[in-house]
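Analysis of the macromolecular model
If you want the building blocks of each chain, they are given just below.
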Amino acid sequence: MSSSSVLEEIRRAEEFLVVGKGVRRIDALDKVTGRARFTGDFVLKDALHVRLVKSPIPHGRIIEIDAERALSLGPVRFFTAADIPGENQVGYALPDQPLLPADKVRYVGEPVALVAAPDEDLAEKAAELVEVRYEELPAVFDPLEAMERSDVLVHEDRGTNIAEMTRVRKGNVERGFEESDVVVENTYRTGHQEHAPLETEGAVAIPDTQGGVTVIASIQYPHLCQRITARVLGLPHSMVRVVQPYVGGGFGGKDDMGPVVSAMAALVAFKTGKPAVLVYSRRDSFTSTCKRDPSVVRYKTGATRDGRLKAIEVQIILDSGAYANRGPYVLWRATMHAGGPYEVPNAKVDGFLVYTNKVFEGSFRGFGNPQVQFAAESQLDELAERLGMDPLEIRLKNLLRPGSRTITDQLLESSVGIYEAVKLLGEKTGFRAKWREYRRERAGRVRRGIGIACGYHGISTSRGVPDWSNATVILGRDGSVTVETGICEIGQGSWTAHAQIAAEVLGVPVERVKVVGGTSDAPDTGATHASRGSSIGGIGVYVAARRLRERLADAAARLLECDPSDVEIREGRAFRRDNPDDYVEWEELVQAAYGMGYEMSATGYFFLPKGKFDMERGLGYAYPAFSYIANVAEVEVDLETGKVRVVRVWPALAAGRILNPVLVEGQIEGAIAQGMGYALTEELKFEDGRILNPNFTDYLIPTSLDVPEVEEPIYVEDLYEYGPFGAKGVGEMALIPTPAAIMNAVKNATGVRITEIPATPEKVYFALRRAGVVAGE
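It should be emphasised that the depicted structure is a prediction, and the values quoted were computed from it without experimental measurement.

1. Quick notes on the domain arrangement of the protein chain
- Under the domain assignment used here, the protein chain contains domain 1 (3-36 + 468-607), domain 2 (39-137 + 201-279) and domain 3 (295-463 + 614-770).
- With centres defined by C-alpha atoms, the gap from domain 1 to domain 3 works out at 36 Å.
- Between domain 1 and domain 3, the contact holds 31 residues from the first and 28 residues from the second.
- Regarding the contact of domain 1 and domain 3, the summed buried area is about 2200 Å², with carbon and sulfur atoms giving 67% of it.

Structure follows, in structure tokens:
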């Protein structure tokens, strides 16, 4: 069936039985009753416990590693780079990251060696006794400085600290600024953010009888873990099996760290012939795992006096830390989204990913977009103020619509619902009246403000990079339905959405559907990232279920003595459209289909159509579709302490078909809380490359008492032609504009523009003092 005919069918469906309903999560009972088993629950009695030996310095050559004292404690095993039988390489975008460094360390906390022992305490004590002698090297910690330095190189073989550069060149920027009546220019800074999953990173590796290994790990992409673990062990992929149990939070970090931790545990199991378990401590999770990339964004915007955007010139500098990891892709996404969800005829964007001697960065919900949208959305408010407009008005003048082109010059033919979403949001919140009222009444110690910010996020991989969906659906002889997918369930609800898709297509209650996924035995469905779990991942489920439905309709037609086109399958029975009383029960239909020789399993594979992308100019087909979001935030600012309290947030989402509104609300609320932490409290403090606050006492994530009231979302279902039932991605959306919405509200309350996040009370207070809003002593 062609995509256009699928979409026409979707639009004709006035009432779904399962899709669009708040179906209970299929994993809900396991989680609330404690039956859910996480990685740490699979530790075998005879397993070796693995601990990290970590670098105490930010940059230095490894001269000698002495494990004699550690080995003298008893049954202790010790592993370094020399023990790796395959390739000592776990780099993702660039081959720059060893599993264990052989020659030098590049950040404080880098694992240098592994120690394994029969119990945790012995392993911990042995790790402390390993002595590593280093020749310390000069280090560089600031990305702006690192860009200019050639005497201090994090990776000497590259000859520069710049790991990647990106660009967009659309139109004529110089002419665009000449035609602008108002030009605003600012520099914005964002900090690190820790993923802070409740379950830390971990893996259990079990050697098998054929010389391979099975890994049970907290991950987001089993097939990537399989490939990297096999590379490190020097094995064929088929000799490594990866299984994902329940995962206690991922947010992107376990997409990056899952393969690393899996390979470490597997190395120990492979070399010793015994099961091995490596579960990071909370300190390990802080010091030795990837973070959100800090950024410096220099942003210049021009507009005409009627508020039409004419040009942007943007420089994005991301601090990659010691290794590139996913950084080149994070940078590309930031670059291609630098204009925000607006029509910008002229754009010049330059991106730089820069190595420093700090913990490396990587995937995190939003993937480079929150950093650049913080700048872009702050700029719009500054433009509006210069032009005498309110923030809602300038956005409505410039928002993308069907027929618009993005800053990469990609034509958006359909599925662009952001204008309608923002218009409805403005009406629902009474934004204009409140914004004027709070601006007018700036008095007293505690001041209230309201702010709006928008965002958009490309779904799937970028720049024409291939992407696909793959799933298998199997009908048992008893009528049960099994969906096999490589997509991981990390709390976002994708498996529940997959069950809904299969149930809706097949015409059976969702309770009949079981989802089996997150294992390398399942079809490779790609990574569970980029908001693609339910959307892109669900396409394969839809295609496979559709094929089975066609076979079942054919079988039912033979039983009901009618044409297959006259068969309807709903609520567990097949019947003639013209005579619903003439039906066959689901179980009877499936058994009959088996007896007639129909194949009762189907694979659904879909390769997403993509266009061309000019890497030199940064122009062309960036993403197959975009999801859109707008948040309005209302805040209170205490002028004497600088504390910002977020009172209420109103979200509006244009993400195609909402497969399950309850799951989507959960994603929105969680993303807003995470975005609020990023904006206000979550600050990693460094001294000479060392993290000073690697714990939840001093690294402040929002608690239940901090989270604001989140109003019922507005949904604009701008259907996507290739999405299952028209769905697009949701999981990352609400985080992206949250920091900007909060800071725009702070500006409305105080008249002061905050250009650096996290905007801790200290930073806000001193910004207010510098602006003369509060008096200094």
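The rest of the description comes next.
2. Comments concerning the sheet that holds strand β15 (residues 346-355)
- As summarised here, the arrangement of the 6 strands in space is β7-β15-β14-β13-β8-β32, forming an open sheet in which the pairing is mixed. Lying at the two open borders of the sheet, with one neighbouring strand each, are β7 (162-170) and β32 (756-757).
- Of the pairings in the sheet, the one linking β7 to β15 comprises 8 bridges and is antiparallel in character. Among the inter-strand pairings, Thr166 is bridged to a residue of β15, identified as Gly351.

3. Observations regarding the environment of His457
- Along the polypeptide, His457 turns up in strand β16 (residues 446-459).
- Residue His457 is classed as buried on the basis of its relative accessible area, which comes to 0%.
- Spatially, the C-alpha atom of His457 lies 21 Å from that of Gly249, the residues being 208 residues apart in sequence.
- When sequence neighbours within four positions are dropped, the list of residues in contact with His457 reads Arg333, His337, Gly366, Asn369, Ser531, Ala625, Phe626, Ser627, Glu732, Met733 and Ile736.

4. Overview of the nonpolar core
- Grouped together as the largest cluster of nonpolar side chains are 120 residues, with contacts concentrated most on Ile316 and Ile742.
- In contact with Ile742, other than residues within four places in its own chain, are Ala633, Val635, Val644, Val646, Met676, Ala679 and Leu680.
- In terms of nonpolar packing, the next biggest core, distinct from the first, is built from 51 residues, Leu52, Met264, Ala527 and Tyr699 among them.

5. Observations regarding the packing of aromatic side chains
- Counting across every chain of the model gives 17 aromatic pairs.
- Residues Phe38 and Tyr246 carry aromatic rings whose centres are separated by 6.1 Å and whose planes lie at 45 degrees to one another, so their mutual orientation is tilted. Remark: Tyr246 occurs in the loop between β11 (240-243) and α8 (253-272) and Phe38 occurs in the loop between α2 (28-33) and β1 (48-54); sequence separation between them is 208 residues.
- A residue is classified by how much of its surface remains accessible, and Tyr246, at 18% relative accessible area, is buried.

6. Examining the packing of helix α16 (residues 536-560) against helix α17 (residues 586-596)
- For the pair α16 and α17, interaxial distance at closest approach is 9 Å and the crossing angle is 95 degrees. Taken as axis vectors, α16 and α17 run roughly perpendicular relative to one another. Residues Leu552, Ala555, Ala556, Arg558 and Leu559 of α16 form the contact with α17, whose own contacting residues are Trp586, Leu589, Val590, Ala592, Ala593 and Met596.
- For the contact of α16 with α17, the class distribution of residues is 10 nonpolar, no polar and 1 charged.

7. Thoughts on the environment of Val664
- Residue placement: Val664 occurs in helix α18 (residues 661-680).
- For Val664, a relative accessible area of 8% gives the class buried.
- Sequence separation between Val664 and Gly731 is 67 residues, and the spatial gap between their C-alpha atoms is 7.7 Å.
- Those residues within four positions of Val664 in sequence are excluded, and the remaining contacts are Leu653, Ile658, Tyr715 and Val730.

8. With respect to helix α13 (residues 418-429)
- Here α13 contains 12 residues, and its C-alpha end-to-end distance of 16 Å stays within 8% of the 16 Å for a straight helix at 1.5 Å per residue.
- Among the residues making up α13, those that are buried are Ile418, Ala421, Val422, Leu425, Gly426 and Thr429. Seen along its axis, α13 keeps its buried residues to an arc of 130 degrees; they face one direction.
- Those residues of α13 that are buried are in contact with α12 (391-398), α14 (431-440), β16, β26 (625-638), β27 (644-654) and β31 (714-715).
- Gly430 sits one or two positions beyond α13 and adopts a positive phi of about 60 degrees.

9. Regarding the sheet that holds strand β20 (residues 567-570)
- Spatial ordering of the open sheet is given by β20-β21-β22, a layout of 3 strands whose pairing is antiparallel. Both edges of this open sheet fall to β20 and β22 (579-585), since each of them pairs with a single strand only. Averaged over all adjacent pairs, the angle separating strand axes in this sheet is 30 degrees, with direction ignored.
- Note: strand β21 (residues 573-576) against β22, 4 bridges, orientation antiparallel. Pairing of Arg573 across the sheet is with Glu585, part of β22.

10. As for the pairing of β27
- The element β27 is extensively covered by neighbouring structure, given that 9 of its 11 residues are classed as buried.
- Across 10 bridges, the pairing between β26 and β27 is antiparallel. Bridge pairing links Val635 to Val646 in β27.
- Hairpin connection of β26 to β27: 5 residues between the antiparallel strands, including Gly642 at a positive phi of 80 degrees.
- For β27 and strand β30 (residues 709-710), the ladder comprises 2 bridges, and the chain directions are parallel. The partner of Arg648 across the bridge, within β30, is Glu709.

11. Remarks on α18
- Between its first and last C-alpha, α18 extends 28 Å over 20 residues, near the 28 Å set by a 1.5 Å rise per residue.
- Judged by how many residues are buried, α18 sits mostly within the fold: 14 of 20 residues are covered.
- Its side-chain oxygen placed 3.1 Å from the backbone nitrogen of Val662, Asn660 serves as the N-cap of α18.

12. Considering the side chain of Arg532
- As for its position among the elements, Arg532 is in the loop between β19 (513-517) and α16.
- Looking at Arg532, the relative accessible area reads 2%, which means it is buried.
- Polar side-chain contacts of Arg532 include one of 2.8 Å to the backbone oxygen of Trp468.
- The residues contacting Arg532, other than those within four sequence positions of it, are Asp467, Trp468, Ile487, Thr525, Gly526, Ala527 and Gly537.

13. Structural notes on the side chain of Gln244
- Along the chain, Gln244 turns up in the loop between β11 and α8.
- In this structure Gln244 comes out as buried when scored by relative accessible area, which is 6%.
- Those residues within four positions of Gln244 in sequence are excluded, and the remaining contacts are Ala217, Ile219, Cys488, Glu489, Ile490, Trp495, Gly517 and Gly518.

14. Topic: the pattern of salt bridges
- One pass over the structure, following the stated rule, counts 55 salt bridges.
- Put simply, Glu131 and Arg69 hold a salt bridge, and the shortest N to O gap is 2.9 Å. In this pair, Glu131 is assigned in strand β6 (residues 131-136) and Arg69 in helix α3 (residues 68-71), connecting sequence segments 62 residues apart.
- Here Glu131 falls in the partly exposed class, since its relative accessible area comes to 37%.
- One continuous salt-bridge network, built from bridges that share partners, spans Lys434, Arg448, Glu634, Glu636, Arg645, Arg648, Glu709 and Glu711.

Here is what the cut-offs are and how they apply
- Residues numbered from 1 in each chain as written.
- Predicted model: local features only at pLDDT ≥ 70, side-chain atom pairs only at ≥ 80, totals over all residues.
- Heavy atoms only, no water.
- Domains from an automatic or database assignment.
- Contact = heavy atoms within 4.5 Å.
- Buried area = accessible area lost by both parts, 1.4 Å probe.
- Pairing = 2+ DSSP bridges.
- Helix = DSSP H or I, 4+ residues; strand = E, 2+ residues; numbered from the N terminus.
- Buried < 20%, exposed > 50% of the residue type's maximum accessible area, 1.4 Å probe, protein only.
- Core = buried A, V, L, I, M, F, W, Y, C linked by side-chain atoms within 4.5 Å.
- Phe/Tyr/Trp six-rings, centres within 6.5 Å; stacked < 30°, edge-to-face > 60°.
- Axes fitted to C-alpha atoms, helices over the stretch in contact; angles between N-to-C directions.
- Parallel < 35°, antiparallel > 145°, perpendicular 65-115°, else oblique.
- Nonpolar A, V, L, I, M, F, W, Y, C, P; charged D, E, K, R; others polar.
- Expected span 1.5 Å × (residues − 1).
- Arc of directions from axis to C-beta.
- Polar contact = N/O pair within 3.5 Å; in protein donor to acceptor, adjacent residues only side chain to side chain.
- Salt bridge = Lys/Arg side-chain N within 4 Å of Asp/Glu carboxyl O.

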